[in-house]
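# Structural overview for review
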Amino acid sequence: MPEDRDDGMTRGERVRAAARTLREPRTAAWVADETEVSVQTAQKYLDQLVEDDVLRTIERGERTLYCIDQLMATYREVAVLQREHDQEELTDVLAEMRTKIADWKATYDVSSPSELRASIADLDDEDDIAERRKIASEWEHLADRIQIVRAAVNEYDWASERDTISA
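Residues numbered from 1 in each chain as written. Predicted model: local features only at pLDDT ≥ 70, side-chain atom pairs only at ≥ 80, totals over all residues. Heavy atoms only, no water.

## Describing the packing of helix H5 (residues 87–108) against helix H7 (residues 126–154)
How two helices pack is summed up by the angle between their axes together with the distance between the axes. Between H5 and H7, the shortest axis-to-axis distance is 10 Å and the interhelical angle comes to 150°. Relative to H7, the element H5 is oriented roughly antiparallel. Regarding H5 and H7, the two cross each other, and that crossing is left-handed. Across the contact of H5 with H7, the residue classes tally to 14 nonpolar, 2 polar and 8 charged. (Axes fitted to C-alpha atoms, helices over the stretch in contact; angles between N-to-C directions. Helix = DSSP H or I, 4+ residues; strand = E, 2+ residues; numbered from the N terminus. Parallel < 35°, antiparallel > 145°, perpendicular 65-115°, else oblique. Left-handed = near helix turned anticlockwise from the far one by under 90°. Nonpolar A, V, L, I, M, F, W, Y, C, P; charged D, E, K, R; others polar.)

Laid out in structure tokens, this is it:
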């Protein structure tokens, strides 16, 4: 398996980039195949990412699988929101997301994305069907985002006190 490719990325950069996009737990061999490195090289960089709390491992039988550490990814995402936006901006975004969901509930007379998807069964118009599917997906995304933005707002003062550099 070739260790060097002409894409301008080192082996480590390829493994780290692939690891950060894992959607499901994968073995070092799978990552090695995807990044065109040896299994040993993939495992070395994957283990570094585990030590850095980017990935975590899951033992399944005799196989070690690597996956994104969702808890740490969420903490990092909250910290990025807190650093890039003030508390008022985050509060406004939170209100906008909630309003959007409330509008969908009222417009479609449903209480969840699942109900909105189920309402597609009563439709014939392909544009209406596509629109409801799009809205259901966006609704699910916003529901996830609301939790993260809420955490950023709730802990804003606490994080701001600790996110200072001493001179």
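## Notes on helix H4 (residues 70–84)
Helix length check: H4 (15 residues) gives 21 Å between terminal C-alpha atoms against 21 Å at 1.5 Å per residue, within 8%. The set of residues buried in H4 consists of Val78, Leu81 and Gln82. What you see down the axis of H4 is that its buried residues fit within an arc of 95°, all on one side. Across from the buried face of H4, at angles greater than 90 degrees, the exposed residues are Arg83 and Glu84. Those residues of H4 hidden inside the fold are in contact with H5, H7 and helix H8 (156–162). (Expected span 1.5 Å × (residues − 1). Buried < 20%, exposed > 50% of the residue type's maximum accessible area, 1.4 Å probe, protein only. Arc of directions from axis to C-beta. Contact = heavy atoms within 4.5 Å.)

## Re the pairing of strand E2 (residues 55–60)
Where E2 lies against strand E3 (residues 63–68), 6 bridges are found, and the strand directions are antiparallel. Bridge pairing in E3 links Arg56 to Cys67. Here E2 hands over to E3 after 2 residues, with Gly61 in that stretch at a positive phi of 65°. (Pairing = 2+ DSSP bridges.)

## Comments concerning a negative patch on the surface
Negative charge collects at one region of the surface, where Asp124, Asp125, Glu126, Asp127, Asp128 and Glu131 lie side by side. The exposure class of Asp124 is exposed, given its relative accessible area of 75%. (Patch = residues over 30% accessible without salt bridge, like charges linked within 9 Å, V, L, I, M, F, W, Y side chains within 5 Å. Areas by Shrake-Rupley, 256 points an atom, 1.4 Å probe, with all protein chains shown as cover. Salt bridge = Lys/Arg side-chain N within 4 Å of Asp/Glu carboxyl O. Lys, Arg positive; Asp, Glu negative; His and termini not counted. Charge placed at Lys NZ, Arg CZ, Asp CG, Glu CD.)

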